[in-house]
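# Reading the structure
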Amino acid sequence: MKLLDKIFKFNGGINAETQKNISTKNSIKSLPIPSEIRLPLRQHIGKMAKLKVKVGDQVLKGELIAEADGNISAAIHAPTSGIVKSIEKLLIPHPSGLPDFCVTLIPDNNDKWIKKIPIDWKKIGIEETNKLILNSGIVGLGGAAFPSHLKLGANRNNPIKTLIINAAECEPYITCDDMLMREHGKDLVEGIDLVQSLIGAEETIIGIEDNKPEAFKIISNLIEKKPNIYIKVVPTIYPSGDAKRLIFLINGIKIPKEKRSSEYGIQMFNVATIVAIFRFIQHGEPSLSRIVTITGNIKEPQNYEVLFGTPLQYLIKDAGGQKIKNNTFIMGGPMMGFKLPSIDVSVTKTMNCVISAEPEMIQAPEEALPCIRCAKCAEACPVSLQPQELFWLSKSDQFEKAQNYNLFDCIECGCCSYVCPSNIPLVQFYRYAKSEIIAQSIATEEAGIARERNDFRILRLDREKKERAERNAQRKAENTGVDKLKLIEEKRAEISAAMDRIKNDKKLNND
Amino acid sequence: MINQQSPFIKKAPSVTWIMMLVMLALIPGILAYVFLFGIGILLNLSIAIITALIAEYLILRIRNLPIKLFITDGSAIVAASLLAISIPSIAPWWIIVIGTLFTIIVAKHLYGGLGSNLFNPAMVGYAVLLISFPAVMTKWSLPASHLLDFNLTQQIQIFMYGTKNIIDSVSSATPLDYIKTQIFLNRPFELNFTNGMPINSYFNASIIISLSFLIGGIFMWVKKIITWHLPVTFLISLTLISSIFWLIDSTRYLSPFIHLFSGGTLLCAFFIITDPVSGPTTPKGKIFFAFGVALLVYLIRVFGGYPEGVAFAVILMNICVPLIDSLTQPKVFGHE
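Residues numbered from 1 in each chain as written. Chains lettered and ligands numbered in written order. Predicted model: local features only at pLDDT ≥ 70, side-chain atom pairs only at ≥ 80, totals over all residues.

## Here we look at the overall build of chain B
Regarding its fold elements, chain B presents 15 helices and two strands. Counting all 336 residues of chain B, 48% fall into the buried class. The long-range fraction of contacts in chain B, counting pairs at least 24 apart against all pairs at least 6 apart in sequence, stands at 76%. (Helix = DSSP H or I, 4+ residues; strand = E, 2+ residues; numbered from the N terminus. Buried ≥ 20, exposed ≤ 12 C-beta atoms within 10 Å, placed from the backbone. Contact = placed C-beta atoms within 7 Å.)

Printed below as a string of structure tokens:
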């Protein structure tokens, strides 16, 4: 183990009150199996998982409920044994508040495992192991929920040199990673060894913010005798836990928005994801649970190790309920999280933290003044953007210019809004501009397709016309050799013959 | 918009608070003024602030904007105060009123109000007064030793009716003006800070006031209202430019020391060019802007028709701000 000292500093960031110690007083708590489990089929980035059960099926703990649909998708497993009660659209923890397909499971309280098959990855090889991980259901547990098998397999073209472990946890209030390191440090370090071998990295660097001394001590002790695992303490400046910011803090490499870290020989995993991978390989346990921080305006803020699908209300109730009743909860951190449209949702793979909203978090925002161009936002922007220009351009719908000012490099971290003296909800303006631009580009694309279709139609009509003309010309050409008069006479003869026939017919009729 | 209102936490000083700190930072300078030139400056400040608030109120009503929200932002008070400080303390009340009205109505609101004004409002007001009433605007009372001669009644008398009835010996041109005239007339000039010439007592006063503004400026820097870029670049540039000319010919050009502590140099460095609305926003842009102002200030002071060039220099550089900003965009993360 080695402690790396050199820290590269990115522009700005903010020094918010971390509010971490309110939820780290108790150890991680496990709860009895809830009376109902609701598993959304889309808990990850990518395609919705493909259903493998039907209503009334008996499932065992760890049994596949839905498998990954294609490569960019993740499987869902039964977190405990029980019976599938229903498959229907229900509320999920998403900012839209729209329902999505969920499998509801009634646990039988036996918690009976399916046969667990640990993976001897050295024997079957990395390729085969990766195929198995595809259906492990493991996704990035830091909040992004990117299917992990994609990251583990990303080294085929670019060799990975460095594995970076994201233990920064920079958002205020959230402590699930901190608590995991304190209590499951051993699993984490073994997991690091494992993942490092799986991706073929030469070294591992753990990036941790300096506000987690307990976790730091535990992890440094555990990696003391490991020569290839380094630990780097980064200053507590939000958003140091953002993947690209953390890579810069550690390695001094600035990875542009459109590039992936693997192209630079770096792969990053969150601590919880590492532990999940470790459990899958070592014990054959798919991703069934996670640690959730329940904090903020709540009687007993703490961390819970909970099964996916557990009703959020179950946790809130156990934590003693809200101190000041306002029925508002924020999922994620206070900087980038969102207000839960309903509390009637279940714990998903992305739910790292639920903050019971403090009154000041949800009070009506103070009236915004015009921008006075103080550039505090630019000083705070970790991407070195010019938020005041982007605001002006977004507000006046000058989207093309906004793109020239690199609107899409914005990571929506909220630092600019946090420091704005004029109370301008800057991030909302960028979200608006981005969605407008995306909508426009889709519209343009659709218009393009329509135009293409129309062009093709015109082309086809032209072609048909031309073909018809050609046919006519050909017929004409065939006829030019024949004597025209003869042709006319023939026709006349035909006509007179016809007339005669008619006359005869009439005669016959009259007779 | 989508139901996504993050961030849910916020910690930022309000615009009102920032403006209040700017006013606080002006206090040492104002006190020095009172001490050296009498309470005339306070009368000027009061009439300027009152005029500004009334003008602001009326315009906000006409423009149908939330009056309480905008009148409490403090920006009108700051602009009016900066104008009042720039005007000679022996100027009559109507000068202040005209200048303030122009500052608030034309320079601020006709350009769109808070956040939209292209030009520094106080400097627009000042420029209008300087062009319209050059005689009043360049005549300053004599400081310090003559303070006792100015009792309150006299101050108010000057304030009401101007200096017409007061004998000429109590007022004078500023040192920059004096020296400019001397050079223009090909007369030797002398600034000896110990002899009793009025011009020297005036210059001594100017140093004290400049240092008081410096204190206020450092206060704002500590409070993170301003960054170092503008004042430091401005002061260094002015020193360098004036040093070059002074080294070439010290009989024709004033020393950098006099340039730094004369006229509005320090007021300009910390309070005028640091106006965020009409100034550049990028760090590099601030450096270009401050250098440009320094160069123009020097050129106007030495070669131009006016004794003091701050107002015109700032206004001219304000025009360049959009260009400066667009040419000095910092490198975005990952775009190097």
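## A closer look at the overall build of chain A
Each helix and strand in chain A was counted, giving 15 helices and 18 strands. Dimensions of chain A, computed from the C-alpha atoms along their principal axes, are close to 120 × 65 × 50 Å. Relative to its full complement of 511 residues, chain A shows a buried share of 47%. Residue pairs in contact within chain A that sit at least 24 positions apart in sequence constitute 73% of those at least 6 positions apart.

## A short note on the interface of chain B and chain A
Across the boundary between the two partners, chain B contributes 33 residues, which contact 45 residues of chain A. Across the side of chain B that touches chain A, the residue classes break down as 16 nonpolar, 12 polar and five charged. (Nonpolar A, V, L, I, M, F, W, Y, C, P; charged D, E, K, R; others polar.)

## Concerning the nonpolar core
With 223 residues, the main nonpolar core has Ile274(A), Val292(A), Met123(B), Val293(B) and Val314(B) as its most contacted residues. For this core, the leading source of residues is helix α1 (residues 15-37) of chain B, giving 11 residues. Residues lining this core come from more than one domain, with at least three contributed by each of domain 1 (2-30 + 123-307) and domain 2 (374-480) of chain A. (Core = buried A, V, L, I, M, F, W, Y, C linked by C-beta atoms within 7 Å. Domains from an automatic or database assignment.)

## Quick look at the environment of Val293(B)
Residue and element names in this part refer to chain B. The topology assignment puts Val293 in helix α14 (residues 283-303). Through-space distance from the C-alpha of Val293 to that of Ile9 is 39 Å; in sequence the pair is 284 residues apart. The contacts of Val293, once residues within four sequence positions are left out, are Phe234, Ile273, Ala313, Val314 and Met317.

## Here's the deal with the packing of α14(B) against helix α15 (residues 310-327) of chain B
Residues and elements named next belong to chain B. The contact between α14 and α15 brings their axes to 9 Å, and the two run at 150°. Compared by their axis directions, α14 and α15 come out roughly antiparallel. Crossing hand, α14 versus α15: right-handed. From α14, Gly285, Phe288, Phe289, Gly292, Val293, Leu296, Val297 and Ile300 reach across to α15, where they touch Val310, Phe312, Ala313, Val314, Leu316, Met317, Cys320, Val321, Ile324 and Asp325. Across the contact of α14 with α15, the residue classes tally to 15 nonpolar, two polar and one charged. (Axes fitted to C-alpha atoms, helices over the stretch in contact; angles between N-to-C directions. Parallel < 35°, antiparallel > 145°, perpendicular 65-115°, else oblique. Left-handed = near helix turned anticlockwise from the far one by under 90°.)

## Some words on the sheet that holds strand β5 (residues 58-59) of chain A
All names here are of chain A. If you trace the four strands from one edge of the open sheet to the other, you get β3-β9-β8-β5, paired in antiparallel fashion. The open sheet terminates on both sides in strands that have one partner only, identified here as β3 (37-40) and β5. Of the strand pairs in this sheet, β5 and strand β8 (residues 82-91) are connected by two bridges, and their pairing is antiparallel. Pairing of Val59 across the sheet is with Gly82, part of β8. (Pairing = 2+ DSSP bridges.)

## Some thoughts on the environment of Ser396(A)
For Ser396(A), the location among the structural elements is in the loop between α11 (387-395) and α12 (399-404). Note on Ser396(A): 10 C-beta atoms within 10 Å, which makes it exposed.

## Some points on helix α3 (residues 176-183) of chain A
Among the eight residues in α3(A), seven count as buried, and that is most of the element. Buried residues of α3(A): Cys176(A), Asp177(A), Asp178(A), Met179(A), Leu180(A), Met181(A) and Arg182(A), and no others.

## What to know about the sheet that holds strand β2 (residues 29-30) of chain A
Residue and element names in this part refer to chain A. Judged by pairing direction, the sheet is mixed, and its six strands sit side by side in the order β2-β15-β14-β18-β16-β17 without closing on themselves. The sheet is open, and its two edges are formed by β2 and β17 (338-339), each paired on a single side. Note that strand β16 (residues 329-331) and β17 share two bridges and pair antiparallel. Bridge pairing in β17 links Ile330 to Lys339. Along the sheet face, α3 touches β14 (289-296), β15 (302-307) and β18 (353-356) and points at about 125° away from the line of β14.

## Describing α11(A)
All names here are of chain A. Here α11 lies mainly inside the structure; seven of its nine residues are buried. For α11, every residue scored as buried is listed here: Pro387, Gln388, Glu389, Leu390, Phe391, Leu393 and Ser394. Of the residues trailing α11, Asp397 is marked for its positive phi of about 55°.

## What to know about the domain arrangement of chain A
As far as domains go, chain A holds domain 1 (2-30 + 123-307), domain 2 (374-480) and domain 3 (483-511). Of note, the centres of domain 1 of chain A and domain 3 of chain A, computed from C-alpha atoms alone, are 98 Å apart.

## Topic: unusual backbone geometry
Geometrically, the link from Tyr238(A) to Pro239(A) is a cis peptide bond, its omega value of 0° lying close to zero. Mapping Pro239(A) onto the fold places it in the loop between β12 (229-234) and α6 (243-251). Unusually for a residue other than glycine, Asn64(B) sits at a positive phi of about 60°. Mapping Asn64(B) onto the fold places it in the loop between α2 (40-63) and α3 (67-71). Residue classification places Asn64(B) among the exposed residues on the basis of 7 C-beta atoms within 10 Å. Within the chain, Lys224(B) stands out as a residue other than glycine whose phi angle is a positive 60°.

## Here's the deal with the packing of helix α11 (residues 229-248) of chain B against α14(B)
Residues and elements named next belong to chain B. Running from N to C, α11 and α14 point in directions that differ by 40°, and their axes come no closer than 8 Å. Every pair of crossing elements has a handedness; the one defined by α11 and α14 is right-handed. In this structure, α11 contributes His229, Leu230, Thr233, Phe234, Ser237, Leu238, Ile241 and Ser242 to the contact, and α14 contributes Pro283, Lys286, Ile287, Ala290, Phe291, Val293, Ala294, Leu295, Val297 and Tyr298.

## What to know about the pairing of strand β9 (residues 99-107) of chain A
Pairing geometry for β3(A) and β9(A), over four bridges, is antiparallel. Each residue of the ladder has a partner; that of Pro40(A), found in β9(A), is Cys102(A).

## Things to note about the pairing of β12(A)
Residue and element names in this part refer to chain A. Burial within β12 is extensive, with five of its six residues counted as buried. As defined by bridge partners, strand β11 (residues 203-209) adjoins β12 across six bridges and the pair is classed as parallel. Looking at β12, one finds that Ile208 is bridged to Val233. Once the chain exits β11 it traverses helix α5 (residues 213-222) before rejoining the sheet at β12, and the crossover so formed is right-handed. (Right-handed = clockwise from strand over helix to strand, strands pointing away.)

## Overview of the confidence of the model for chain B
All names here are of chain B. Mean pLDDT over chain B: 85, with 81% of residues reaching 70 or higher. When mean pLDDT is taken per element in chain B, α11 scores highest with 96 and strand β2 (residues 171-173) scores lowest with 56. Model confidence for the complex: the whole-complex pTM is 0.85, and ipTM, which rates the interface, is 0.86. (pLDDT = per-residue confidence, 0-100.)

## Here's the deal with the environment of Gly142(A)
Residues and elements named next belong to chain A. By the element assignment, Gly142 lies in the loop between α1 (121-134) and α2 (148-152). Residues Gly142 and Asp177 lie 35 residues apart in sequence; the distance between their C-alpha atoms is 8.4 Å. Among all residues touching Gly142, those that are not within four sequence positions of it are Asn166, Asn270, Thr273 and Asn352.

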